[in-house]
Amino acid sequence: MTDKEPGRARQWLERLRPYRGSIRNSLLAAFILLSVIIILLVAGISIFSSVHTSRALVFKQLIVEAELTSNAITTWLDERILDLQAIASHPDTRANIQAVITSAKPDNEIEYRHLEEILQRETAVNNRMDEIFLLDTAGRIVLSTDKSQLGHFYGNDSYFNAGLKEPVISRPFYDRTHAKNEMLAFVPVKDGQGGTLAVLGARLALDELAKLILAFDETTETGETYLVSPNHRFLTDPRFAPISRAARSAGIDAALTPGPQQNGQGIYENYNGVPVVGVYRWLPELEAALLSEQAVTEAMAGVRQQIWLIAGAAVWVLFLAVVFALFVTYRITRPIVNLTEAATSIAAGDLHRPVEVQAEDEIGQLARAFTTMTAQLNDLIAALAGQVMDLQEAEAQLRQYAWQLEQVNQELERSNAELQDFAYVASHDLQEPLRKIQAFGS
């Protein structure tokens, strides 16, 4: 800091000294403080309302997306059952199935090949099924579009046993043979008497289900919807590469934990530790958790813009409030300042200082009363000045009379001295004849 800077600071302080403790500064500070409090209160309420409303809208959007995805998954699974039922109920397919199941292989070679071609064709046309296979009632695959699966036994599978009576779809699971997540669908093939002749099964392509789920995420940059199995494995690939094979987050744990909290929503960190706004649902038909999430940064982007807008509006309102406060305080305090300056001048002796206040309010009345009082004071001082002059003249006359009296007194003293001298001489002159008479008489 240079030597000139302290001097400038002192100059500014000297300039501000007359305004310290003034009513103008007090009113201005009160106006500004009240404006700041009101603006902050309104801005805070607006921001809180905006955040609450935006969060509610984001949750509502994610809930709708989760519900739509859940319905789409249910519809997709129902369609796979319908596809299998349509294949099984076709007269040619049913006849071939009956021939394959009831006849010895040498006798059903033609039907076997025919049925195989039908299933191969359905698999090619319907790319939502990786494999279609036929099982006998014991649970063994007797025909499949995947030759490696012939003879595979499902007799102990609970879903197969349920599929002997009605259509059923298994929960998703990880197939080590195909190294991916799969689901199995089973549809009973009925004979003419209503009994179960065989079971038509299919290995569903979850890749198609994943594409269906990802279709809902294309409208946002960070939004995603995915499925998680009870053993914390991703059943559908998430939109972003996970840092761990185990799917873990507060939302996933809540959805996979039995209880009323399985369906909920909240703000938490996702499987990669990214803060997200999430909605989670437990899908009993899949025995899996469905999660729909969006990064907080994107979900609250609109809120941040609104906060900036509110802050900018608050600054402008505060600026206008300060300008208005300056104008109002000037209008209110200017007559008081003029009156104060006039009173100070009059107190210093300038009794002819005019009070320049044109207001018609109480301050104007006070100024006019002050002007009247000043005029009366001037008249009183003039009268007192005249009395002082009279007193001074009287004092001069008294002094003249005192001088004259002093002169007379001095004259009397001189006359008295002369009389004393005369008396002394006369006494001395009379004593001498008296002595002579006394001497003569004696």
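Values in this document were obtained by computation on a predicted structure and should not be read as measured data.

The rules behind the values
- Residues numbered from 1 in each chain as written.
- Predicted model: local features only at pLDDT ≥ 70, side-chain atom pairs only at ≥ 80, totals over all residues.
- Heavy atoms only, no water.
- Phe/Tyr/Trp six-rings, centres within 6.5 Å; stacked < 30°, edge-to-face > 60°.
- Helix = DSSP H or I, 4+ residues; strand = E, 2+ residues; numbered from the N terminus.
- Buried < 20%, exposed > 50% of the residue type's maximum accessible area, 1.4 Å probe, protein only.
- Arc of directions from axis to C-beta.
- Pairing = 2+ DSSP bridges.
- Axes fitted to C-alpha atoms, helices over the stretch in contact; angles between N-to-C directions.
- Parallel < 35°, antiparallel > 145°, perpendicular 65-115°, else oblique.
- Left-handed = near helix turned anticlockwise from the far one by under 90°.
- Nonpolar A, V, L, I, M, F, W, Y, C, P; charged D, E, K, R; others polar.

### Here's the deal with the packing of aromatic side chains
Part 1 of the argument: Counted under the stated rule, the structure contains nine aromatic pairs.
Part 2 of the argument: The interplanar angle of 65° and the centroid separation of 6.0 Å between the aromatic rings of Tyr154 and Phe186 together place this pair among those described as edge-to-face. Remark: Phe186 occurs in strand β5 (residues 180-190) and Tyr154 occurs in the loop between β2 (141-144) and α5 (158-163); sequence separation between them is 32 residues. With respect to class, Tyr154 is no different from Phe186; both count as buried.

### What about helix α6 (residues 206-214)?
Part 1 of the argument: For α6, the full list of buried residues reads Leu206, Leu209, Ala210 and Ile213. Angularly, the buried residues of α6 cover 100° about the axis, an arc narrow enough to put them on a single face.

### A closer look at the sheet that holds strand β8 (residues 264-269)
Part 1 of the argument: Strand order across the open sheet formed by four strands is β7-β10-β9-β8, with antiparallel pairing between neighbours. Edge positions in the sheet fall to β7 (224-228) and β8, since each of these pairs with one other strand and no more. Going from strand to strand, the sheet's axes swing by 30° on average, the running direction of each strand aside.
Part 2 of the argument: By the bridge criterion, five bridges tie β7 to strand β10 (residues 288-295) in an arrangement that is antiparallel. Residue pairing in the sheet places Glu224 in a bridge with Glu293 of β10.

### Observations regarding the packing of helix α2 (residues 23-89) against helix α9 (residues 301-347)
Pairs of packed helices are described in terms of their axes, by the angle between the two and the distance that separates them.
Part 1 of the argument: Orientation of α2 relative to α9, taken along the N-to-C sense of each, is 160°, at an axis distance of 8 Å. By the criterion of interaxial angle, the relationship of α2 to α9 is roughly antiparallel. By crossing handedness, the relation of α2 to α9 is classed as right-handed.
Part 2 of the argument: Among the residues forming the contact of α2 with α9, the class breakdown is 25 nonpolar, seven polar and two charged.

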